[in-house]
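# What the coordinates show
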Amino acid sequence: MKKYLLLLSLAAVLVAGAAASGTFALFSDTETSEGNVFTAGTIDLAVNEENPWSSKIDANLKDLEPGMYDDIPVTLTNVSSNPMDVWMRVTNIETDGGLATYPSEDPVASSQPEYEAEGGPGSWAAIDDIDSVISLALDLGNQVTDYEILYIDSIKDKWIYLDNLGSLGYRTGSIGFKLDAGAGDQYQGDTMTFDIEFFAQQSEGDTQPDPPEPELSGYGRT
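What comes next is a walk through the structure. (Residues numbered from 1 in each chain as written. Predicted model: local features only at pLDDT ≥ 70, side-chain atom pairs only at ≥ 80, totals over all residues. Heavy atoms only, no water.)

### Let's talk about the packing of aromatic side chains
Stated formally: Ring geometry is summarised as follows: Phe, Tyr and Trp rings, the Trp one being its six-membered ring, pair when their centres sit within 6.5 Å, and such pairs are stacked at plane angles under 30 degrees, edge-to-face over 60 and tilted between the two. To qualify as a helix, a DSSP run of H or I must reach at least 4 residues; to qualify as a strand, a run of E must reach at least 2; elements of each kind are numbered from the N terminus. Per-residue accessibility, obtained with a 1.4 Å probe over protein chains only, is compared with the maximum for each type, and a residue is labelled buried under 20%, exposed over 50%, and partly exposed between these values.
Under the definition given, this model contains 7 aromatic pairs. Between tyrosine 69 and tyrosine 147, the ring centres sit 5.3 Å apart and the planes meet at 45 degrees, which makes this aromatic pair tilted. Note that tyrosine 69 is positioned in strand S2 (residues 69-78) and tyrosine 147 in the loop between strand S5 (143-144) and strand S6 (150-151), a separation of 78 residues in sequence. Residue classification places tyrosine 69 among the partly exposed positions, given a relative accessible area of 48%. On the basis of relative accessibility, which here comes to 16%, the residue tyrosine 147 falls in the buried class. Among the aromatic residues, those joined into a ring-pair cluster are Trp87, Trp159, Tyr161 and Phe199.

Below is the structure:
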């Protein structure tokens with residue numbers, strides 16, 4: 001009898017619970033952000049309003065005499081969405097003794113003074129290290145240098161830090177080249193071909209990226 005009553009009581013509880021579960025609802029709300037896109041930022045440098053930069057800068061660097069120089073205007077523009085650090089270097093340097101036009105029957109020099117300065121008859125030796133008497137001056141970004149400090153043969157292939165450019169930021173200045181006032185006749189007619197290269201690198205992140213190598217000592221990012 002007690003067992004029967006217990007079963008009836010349990011059944012009543014189950015029925016009551018089932019009835020109760022159908023008498024109310026839980027309030028709810030769902031919010032959805034749709035069509036999201038992840039886009040990587042950009043790093044892009046324009047030089048003298050060219051991107052890519054393809055113009056030559058040697059228009060006024062021909063027929064320079066000792067002590068003469070030319071400053072070439074340069075504008076660097078960050079056309080990307082991220083701040084960047086910018087470096088430059090002089091690279092791919094090749095020197096040559098110039099056109100051999102003297103003497104005409106045995107062309108070995110560009111002029112009589114060069115021929116005599118390089119040893120003359122019997123002991124003539126071509127001297128083509130003109131990069132040792134050409135210096136560079138910078139007035140671009142945070143980097144300002146004087147002539148007579150940075151000679152090409154000592155800075156070639158080494159990166160020089162210029163500045164940090166914010167998004168859409170720009171810097172206007174110049175790069176100059178000078179033939180040393182003490183350059184002798186042995187450099188008459190000599191030539192130097194070279195490239196100017198700029199490197200832009202993201203300047204923000206979890207850690208600051210390493211600079212390009214090698215940096216010129218004393219002219220790196222601070």
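### Here's the deal with the sheet that holds strand S3 (residues 84-96)
Hydrogen bonds between backbone groups are what pair the strands of a sheet, and the pairing can be parallel or antiparallel. As a reminder of what qualifies: Here a strand pair is declared whenever DSSP counts at least two bridges between the two strands. Angles run from 0 to 180 degrees between N-to-C directions of axes, and those axes are lines fitted to C-alpha atoms, restricted for helices to the stretch in contact.
Ordered in space as S7-S3-S9, the 3 strands form an open sheet in which the pairing is antiparallel. Both edges of this open sheet fall to strand S7 (160-165) and strand S9 (191-202), since each of them pairs with a single strand only. With strand direction ignored, the average angle separating the axes of adjacent strands in the sheet is 25 degrees. As defined by bridge partners, S3 adjoins S9 across 11 bridges and the pair is classed as antiparallel. Along S9, the bridge assignment pairs valine 86 with alanine 200.

### Focus: the side chain of aspartate 163
This is how it is decided: Under this definition, polar contacts are N or O atom pairs within 3.5 Å; protein pairs additionally need one hydrogen-donor-capable and one acceptor-capable atom, and for neighbouring residues in sequence, both atoms have to be side-chain atoms. Here a residue-residue contact requires only that any non-hydrogen atoms of the pair lie within 4.5 Å.
Considering the arrangement of structural elements, one finds aspartate 163 in strand S7. Among the residues examined, aspartate 163 registers a relative accessible area of 7% and is labelled buried. A distance of 2.8 Å separates the side chain of aspartate 163 from the side chain of asparagine 142, its partner in a polar contact. Apart from residues no more than four positions distant in its own chain, aspartate 163 is found in contact with Met84, Asp85, Val86, Gly141, Asn142 and Arg171.

### A short note on the nonpolar core
Operational definition: Each nonpolar core is a collection of buried residues, namely Ala, Val, Leu, Ile, Met, Phe, Trp, Tyr and Cys, held together in the definition by side-chain atoms within 4.5 Å.
Core analysis: the largest hydrophobic core is formed by 34 residues, its most contacted members being Leu76, Met88, Leu136, Ile175, Phe177, Ile196 and Phe198. At the level of secondary structure, the elements contributing two or more residues to this core comprise strand S1 (45-47), S2, S3, strand S4 (134-140), helix H3 (152-155), S7, strand S8 (170-179) and S9. Leaving out residues up to four positions away in the same chain, leucine 76 has contacts with Leu45, Ala46, Val47, Val86, Leu140, Leu162, Leu165, Gly169, Tyr170, Arg171 and Phe198.

### So, a negative patch on the surface
Our working rule: Surface patches are defined over residues having more than 30% relative accessible area and no salt bridge, joining like charges when they lie within 9 Å and nonpolar side chains (Val, Leu, Ile, Met, Phe, Trp, Tyr) when within 5 Å. Where accessible areas are quoted, they stem from the Shrake-Rupley method and a 1.4 Å probe; at the residue level, only the protein chains shown are allowed to cover. For salt bridges, the criterion is a side-chain nitrogen of Lys or Arg within 4 Å of an Asp or Glu carboxyl oxygen. In this count, Lys and Arg are taken as positive residues and Asp and Glu as negative ones, while His and the chain termini are left out. Where a charge lies is defined by one atom per residue type, namely NZ (Lys), CZ (Arg), CG (Asp) and CD (Glu).
Where like charges cluster on the molecular surface, the negative patch consists of Asp96, Asp128, Asp129 and Asp153. Its location among the elements puts aspartate 96 in strand S3. Exposure remark for aspartate 96: the relative accessible area of 40% places this residue in the partly exposed category.

### As for the environment of proline 103
Examined against the element boundaries, proline 103 turns out to sit in the loop between S3 and helix H2 (112-117). A residue is classified by how much of its surface remains accessible, and proline 103, at 14% relative accessible area, is buried. Expressed as a C-alpha distance, the spacing of proline 103 and tyrosine 115, which sit 12 residues apart in the sequence, is 8.4 Å. In contact with proline 103, not counting residues within four places along its chain, are Val108 and Tyr115.

### Focus on the pattern of salt bridges
Side-chain pairing between opposite charges can occur once the charged atoms of the two side chains come close. Going through the model one piece at a time under the given rule, you end up with 5 salt bridges. In this structure, the salt-bridge partner of arginine 89 is glutamate 197, at a minimum N-O distance of 3.0 Å. Placement of the pair is arginine 89 in strand S3 and glutamate 197 in strand S9, with a sequence separation of 108 residues. We note a salt bridge from lysine 156 to aspartate 131, for which the minimum N-O separation is 4.0 Å. Of this pair, lysine 156 sits in the loop between H3 and S7 while aspartate 131 sits in the loop between H2 and S4, and the two are 25 residues apart along the sequence. What makes lysine 156 partly exposed here is its relative accessible area of 35%.

So far we have only geometry, and geometry alone does not tell us how the molecule works.
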